[in-house]
Amino acid sequence: MEVINYHFNFTAYKKCYYIELKAEMTTDISKYQKIVDQFRGNVLKNDFEKNFSAMTQHIPKTERFLLKMELKRLATVCTRLIDLRGHVDGECRPFEHDGRRHYLDDIAIKVYEENISFYQSYTFGVYEAVMNTENNFRVIYQKEKSNIGKPLPTETGKVFEKTQYPASLYTFGPYHNRSEERMNFAITIDVQLENDNKEYECTSSDISVEGCRFRFNYPNNISIGQSFSIRFRGFEDEFQFGKEKSFNFEVRNIQKVDRVQLIGCQRVYSNEKSIDGFQSFLKGFIQGNKRRYKINLDNTINAIQSRNFEQYSLPKSNELPIFVEDSKGDVLPRYALTCHNNQSIYQYWQDEKRHSTLYCLVTPERILRIRKAHALGKSLLVYSFVHKSQGKSFFYTADVQQLNDDSEFKRKFLGFAASKPSFAITQLSIIDVDVDKAHSPLTLSNTLTKKNQYLNLPIPNDAIATLYTLPCIIVANDLTDEFKVEQYKQLPFDKIETSRLKNFGHKRLTSPLLMDEVGINYKNQRQEARFKYITPVELEIEGIRCVGKSNDFSILGLKLELEKPSVLKKGDVVYLTFPGLQKITSAFDLKGLPYELMRINKSKTVLNLRVYVEKHQHMGRSFFKALIAKNRDKLTPDEYALLIPGLAKALRNVYSRSLTIPSLMVQTSGSRYKLETLVCGTVQNKLLPVMKQLSDSQSLYNLYPLLNNLQATNAMTSSLKKMQDDDAAISQTLYIAVNLENDIIDQAVTTKTLSELTSPMLQKMFISRAINHGLFFCIQAKLSRTDDPDMDHLNPELSYISSYAIHRGKQIEQDIWSVSGVIQLLDITQETLIRHELLS
């Protein structure tokens, strides 16, 4: 029994009446599909009623009425965008019609054009025809479902099990800004190549005052920098713009699409450049017609999509980027980009006075070894522990290259280090600093309003000068987990030579390392500066007392960590006493000060509090204001506000553009999550080329190696629903075997989790088998709940797109807010092979 809803609009006496008709049918309209096909696009014709009545005389009156309403529904204008990527057995590509961009394969394009010829516009009839092509996976599944019980075909070529998880890759820049706007405009032009008297008739795709792009469908080899002339024959019939008929151009870029060369060119002037009649004509023509023919927004759309994902993923980085400074030959760590997820790495490398000890991890000699490993396509593993004596911290570190000289001592050192509670495994890689990546311009073709000019300011000279003193970035990843530690603990370290251990200890500096912590932050919601300060705090609510310590404070609030979990909830008003601070002041009474709970973590131990003003004055606010004013130079800001304007942004841009660790974006789709987007700064990850080779589309990546294990995927997505944006990242380790010689993907790729490979022996067997038959990867997937993006920074480009393509702007805005989480994909294959003694 099918229920069909129809909505009618009748106009009478200038009033509109909307009537909803619900009719129950015992038969399916599909039985009249031949009639539907015959009357496609004929509803608005004068003879429709006559022809329809003649054709449907044999049909019952009720069904005839419903059939007519169905034809009218199919002829209704549709505004939906179609994206068949991952939904059809074919390669999809952008397809534009009537200002809308769809993603269709060859079969869908053919069906689209065929139905457009009947309906004369984009209607629901066109939409539904395209969504129900024969190669649509949903249609295939329905056919297979209807054939249950029938003998299955024996062809091995058709496998309907899902083996394609298509994903697009977005890189964080470069974002190309255009000096002028391009207008989509197709016009006939004649192209005459240099040293060739023949003219070639072509069609332009877009034009600007100083250049154009056109389709060149001839076998001639065109090269960048080649000169030629263009005659705009399509303009000559309607416009006059001077005596010249041909104008000189130079090839700037070439793109090949389906055997057609798309040539991008820029005008060349024989004499000193001056405004001529053709330039004046183009300026006026584009200005007057750009809303009719639309501006080419490809670069702006690509930029805002990548910039959006960058704002979601970078603040959730799990690695610690360390900028190294070369000051007159002294090579030492200088800046570290920190966020919530990588704070544990930064804090691990601090002594008892919270001074940075990153000089123990990143030494000049070790940087040379990192470069050597990088040249071989590897990273450098560092094993460390902290020895505490007489209240002081002493750091010991040894990297793989140092330990490889003596395999017996290596095993003893690793077993001894793993027995320490402070044992850590750190993976180091290196990135050269490229100063050209410091500026990330908006792509608005010089149309940015004065109000938003601050968003697009160039990097100040002082910041650029500082970047030139930073030769490289050392990226530190913490690989430590309980499974690895337990495995290393099995190594015996009896009779270890303590004299050799001392060689791996680091001397303490006489003065603290000058190390600045720079927060990765796009959206700063703080109204004032916070300062790090640990002091005892007593909390009381309704007679119940808790004890804890502060992490940081500001004039209006503080962050408090309790010793035991509480039963507090957001909105509770608690009363704080500061016994330690009370000892240093008699002017302020720091007992029973009211604070409102603004946020609490999942474990109920970390509280974010704001002053709660019951009357006109709050003693805590007055005290902290005075404390900050008198001790500004002594207090450490929670996020270091650099003295060099623009440097923090420049450091962030350089790193984001150079980021080699890919991330997978988790987006909402109705009540479900979808994983269809990969992001990174530059493509250097070894797994990405493999996923591209497994894809049936040249432009997409197949996430099958990451997503085919439903146990792992379901665990991650179910965890995301319970996470808050300040929760620690959830980690999942994937063991992946790939045999590229096997064309059947579900046989070529096997993915296991630690819960399936429960012992080191099973893990080693899986790894050995994978290496013998192809490739092995070990991926540490870290899931985080994302924060909201900074719309102030995204709105200029979003508004620019919406002003010319409002439907595209709405779709992009919907995509922006659909992001819920990010999964960072760290390749830990090297450490896994070393731990199982399959690699030295």
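The structure this text deals with has already been given above.
These numbers come from a predicted model, not from an experiment.

Thresholds, definitions, all that
Residues numbered from 1 in each chain as written. Predicted model: local features only at pLDDT ≥ 70, side-chain atom pairs only at ≥ 80, totals over all residues. Heavy atoms only, no water. Helix = DSSP H or I, 4+ residues; strand = E, 2+ residues; numbered from the N terminus. Expected span 1.5 Å × (residues − 1). Buried < 20%, exposed > 50% of the residue type's maximum accessible area, 1.4 Å probe, protein only. Axes fitted to C-alpha atoms, helices over the stretch in contact; angles between N-to-C directions. Parallel < 35°, antiparallel > 145°, perpendicular 65-115°, else oblique. Left-handed = near helix turned anticlockwise from the far one by under 90°. Contact = heavy atoms within 4.5 Å. Nonpolar A, V, L, I, M, F, W, Y, C, P; charged D, E, K, R; others polar. Pairing = 2+ DSSP bridges. Salt bridge = Lys/Arg side-chain N within 4 Å of Asp/Glu carboxyl O. Core = buried A, V, L, I, M, F, W, Y, C linked by side-chain atoms within 4.5 Å.

Draft legend 1. Fine view of helix α9 (residues 298-313). The first and last C-alpha atoms of α9 sit 23 Å apart over 16 residues, in line with the 22 Å expected at 1.5 Å per residue. Summarising burial for α9: 14 of the 16 residues are buried, a large majority.

Draft legend 2. Representation of the packing of helix α14 (residues 407-418) against helix α16 (residues 482-489) within the structure. Packing of α14 against α16 brings their axes to within 8 Å, and their N-to-C directions diverge by 125 degrees. If you check the angle between α14 and α16, you find them oblique. Along this stretch, α14 crosses α16, giving a crossing that reads as left-handed. Contacts from Leu-414, Gly-415 and Ala-418 of α14 reach α16 at Val-485, Tyr-488 and Lys-489. Its residues assigned to classes, the contact of α14 with α16 shows four nonpolar, one polar and one charged.

Draft legend 3. Structural view of the sheet that holds strand β18 (residues 472-478). Strand order in the open sheet formed by seven strands is β16-β15-β17-β18-β13-β14-β19, and the pairing between neighbours is mixed. In this open sheet, the two strands that pair with only one neighbour each are β16 (392-399) and β19 (516-519). Recorded for the sheet is a direction-independent mean angle of 30 degrees between the axes of neighbouring strands. Looking at chain direction, strand β13 (residues 320-327) and strand β14 (residues 330-338) are connected through six bridges and run antiparallel. By the bridge assignment for β14, Ser-327 is matched with Asp-330. The strands that helix α12 (residues 364-375) touches are β13, β14, β15 (380-389), β16, β17 (424-432) and β18; relative to β17, the one it contacts most, it runs at about 75 degrees. The sheet strands contacting helix α20 (residues 647-658) are β13, β14, β17, β18 and β19, and the helix crosses β14 at an angle near 90 degrees.

Draft legend 4. Inspection of the pattern of salt bridges at higher detail. The full count for this structure, using the stated rule, is 35 salt bridges. Of the charged contacts in the structure, one is a salt bridge between Arg-73 and Glu-70, with a shortest N-O distance of 2.9 Å. Highlighted residues: Arg-73 and Glu-70, both in helix α3 (residues 61-74), separated by three residues, approximately one helical turn. In this structure Arg-73 comes out as partly exposed when scored by relative accessible area, which is 27%. Since its relative accessible area comes to 11%, Glu-70 is described here as buried. The partner of Asp-406 in a salt bridge is Arg-500, and the shortest N-O contact between them spans 3.0 Å. Taken together, the residues span a long stretch of sequence, with Asp-406 in the loop between α13 (400-403) and α14 and Arg-500 in helix α17 (residues 498-502) at a distance of 94 residues.

Draft legend 5. Up close: α3. Given a rise of 1.5 Å per residue, 14 residues ought to cover 20 Å, and the 20 Å separating the end C-alpha atoms of α3 matches this to within 8%. Of the residues making up α3, those classed as buried are Glu-63, Leu-66, Leu-67, Lys-68, Met-69, Glu-70, Leu-71 and Leu-74.

Draft legend 6. View of the nonpolar core. Formed by 115 residues in total, the largest nonpolar core has its most connected members in Phe-214, Ile-230, Phe-323, Tyr-383 and Phe-413. Counting residues in hydrophobic clusters, the runner-up holds 32 residues, among them Tyr-165, Leu-675, Leu-688 and Ile-745.

Draft legend 7. Main features of the pairing of strand β12 (residues 260-267). Counting buried residues along β12, seven of its eight residues qualify, which places the element largely inside the surrounding structure. Sheet analysis places strand β9 (residues 211-216) next to β12, joined by six bridges and oriented antiparallel. Among the inter-strand pairings, Phe-216 is bridged to a residue of β12, identified as Gln-261. As paired strands, strand β11 (residues 246-257) and β12 are joined by eight bridges and run antiparallel to one another. Its bridge partner being in β12, Glu-250 is matched across the sheet by Gln-266. Linking β11 back to β12 in an antiparallel pair, the connection comprises two residues, with Asp-258 at a positive phi of about 50 degrees.

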